[in-house]
Amino acid sequence: MRPSLPRLALSRLGVKLFVTILAVNVAISGLVFLAVSRSLDSGFVDYLDTTQTQRAETLAEGLGEEWAQRGDWQWLRDSPDDWERVVRRQLWPGDTAPPQGIERRLGRAQDFVLHDENGVPVIGLPPAPSDEEQDPPELRWLSIDYAGESVGTLGYRPPEQLMARMDHIFLARQQRNLTIIVGSLGVASLLLAGGLSWWLGRRTRSMALATRRLTGGDYSIRLHEKGRDELSRLAEDFNVLAATLEASRAARSRWVSDIAHELRTPLAVLRGEIEAMQDGIRSLNQDNLHSLAQEVGQLERLVADLRLLSQSDAGALDVQLAPLNLADSLTARLEEASGWLADSGITLETEIAGEAWIRGDLQRLRQLWSNLIDNTCAYTQPPGHLRVSLTHRSDHIEVIWEDSAPGVPDDQLPRLTDRLYRVEGSRSRASGGSGLGLSIATALVKAHGGQMTASASSIGGLCWTLSFPTLTATGTLEAPA
């Protein structure tokens, strides 16, 4: 179930993201414009300077050939209008059309000055308009040579002066371009920031709403998992948490119900026995008192088991770990229980060789073996078989505990260590005790730093694999003698 949200709602995180993206994009566009403009200004002026110099050199060479053909510059003095045609013919020979834009402004005839060999002006600059240049221009000069002899000088305007005349044009164009760029980026930023903030805000609002419902006790809430980003993984983790809490609440309810049932049965027996004695139906003798004592003992064992499990859940289980030989502990307990197993029609087979040093609690390990033996005796059909082996691995010691039929369905194997769980569903203590033995066994193994897993046995029943870290794996380098 996914919580419904307003489709156009923006969260605070979405608004912050919107403002951040918009501000960053505008700042980046401004910095890029300034950097590119500065680079273009310096680079373009250098390019124009080189171009203007090359054109002046070309014009000077052509004017030298013109002087050789005519012998002097009097023809230009007599016909000043020919100057523009000469400049154009020398700079753009043939039918080549002059370029457009700024480069055309750099090749204008009025930007060049011609003096004869004596420095007398032949063609000079036109008077500057009042709205452009007020000071006389500073010209660059080239010598016009022919056959190694200077026949005149050519002056030309540097590009900086020509660009100064076009500053207002350039700035106007740059301002227009900046407006277009910033406006376009602003629109793109608005669309990007708006879409992203809405998308992210919608997902985070879903998570916030689901979290509020989860903390309110609605563990059925689930988030939609879509994509492979961090938010999707967060949604997946949230769903796992919700499922875990839901299962925990169900297990807690079942746990309380099961405990009440387990306590109610011996209490009902005690009450019935006592009322029968009060009514004179049963006499107050040693046999009847012994029956009452058995029921009280059952209650004490159940309470003790519950206390042990609660301590294990709280991490306060009293376990005194010290170096000990796991093989000796297991062998001794199996030898003590051989008569118990024989009475239950179960044949014991062991394969325990060598020493197996771990850090453990002798009394807790004895309790562990007793619970496993009790489970085997309670569920294995006679004549049965119990096979116990101990194997050394690289960094742990493995105990294999497997018995004969009946087996357990594979889908129920993970639930065997659930508290008060029985495969057959019966709550009869005659067939399975209180249902806490395997839960206690698992808690005891974990208290020793190991793990306990269930699987199908090769001899038809149930197989338990118990793994304990060795002394070396737990940090002790040498086992005691």
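On a predicted model such as this, the values are computed, not experimentally measured, just so you know.

## Quick notes on the packing of helix H9 (residues 326-336) against helix H11 (residues 362-379)
Item 1. One can describe the packing of H9 onto H11 by two numbers: an axis separation of 10 Å at closest approach and a directional angle of 45 degrees. Relative to H11, H9 is oriented oblique. When you trace H9 past H11, the crossing you get is right-handed. On H11, the residues touching Leu 326, Ser 329, Leu 330, Arg 333, Leu 334 and Glu 336 of H9 are Leu 362, Leu 365, Arg 366, Trp 369, Ser 370 and Ile 373.
Item 2. Residues belonging to the contact of H9 with H11 are distributed by class as follows: seven nonpolar, two polar and three charged.

## Quick look at the packing of aromatic side chains
Item 1. Tallying each qualifying case throughout the model produces two aromatic pairs.
Item 2. Centroid distance Trp 67 to Tyr 146: 6.5 Å. Interplanar angle 50 degrees. Geometry classified as tilted. Within this pair, whereas Trp 67 is found in helix H1 (residues 12-70), its partner Tyr 146 is found in strand E3 (residues 140-146), the two being separated by 79 residues in sequence.
Item 3. Centre to centre, the rings of Trp 369 and Trp 401 are 6.5 Å apart; their planes meet at 0 degrees, and the pair counts as stacked.

## A word on helix H8 (residues 286-313)
Item 1. An ideal rise of 1.5 Å per residue puts 40 Å on 28 residues; H8 measures up with 40 Å between its terminal C-alpha atoms.
Item 2. Sitting at the head of H8, Asn 285 places a side-chain oxygen 3.3 Å from the backbone nitrogen of Asp 287.
Item 3. Gly 315 sits one or two positions beyond H8 and adopts a positive phi of about 70 degrees.

Scoring rules and cut-offs
- Residues numbered from 1 in each chain as written.
- Predicted model: local features only at pLDDT ≥ 70, side-chain atom pairs only at ≥ 80, totals over all residues.
- Heavy atoms only, no water.
- Axes fitted to C-alpha atoms, helices over the stretch in contact; angles between N-to-C directions.
- Helix = DSSP H or I, 4+ residues; strand = E, 2+ residues; numbered from the N terminus.
- Parallel < 35°, antiparallel > 145°, perpendicular 65-115°, else oblique.
- Left-handed = near helix turned anticlockwise from the far one by under 90°.
- Contact = heavy atoms within 4.5 Å.
- Nonpolar A, V, L, I, M, F, W, Y, C, P; charged D, E, K, R; others polar.
- Phe/Tyr/Trp six-rings, centres within 6.5 Å; stacked < 30°, edge-to-face > 60°.
- Expected span 1.5 Å × (residues − 1).
- Polar contact = N/O pair within 3.5 Å; in protein donor to acceptor, adjacent residues only side chain to side chain.

These results come straight from atomic positions and should not be treated as a statement about function.
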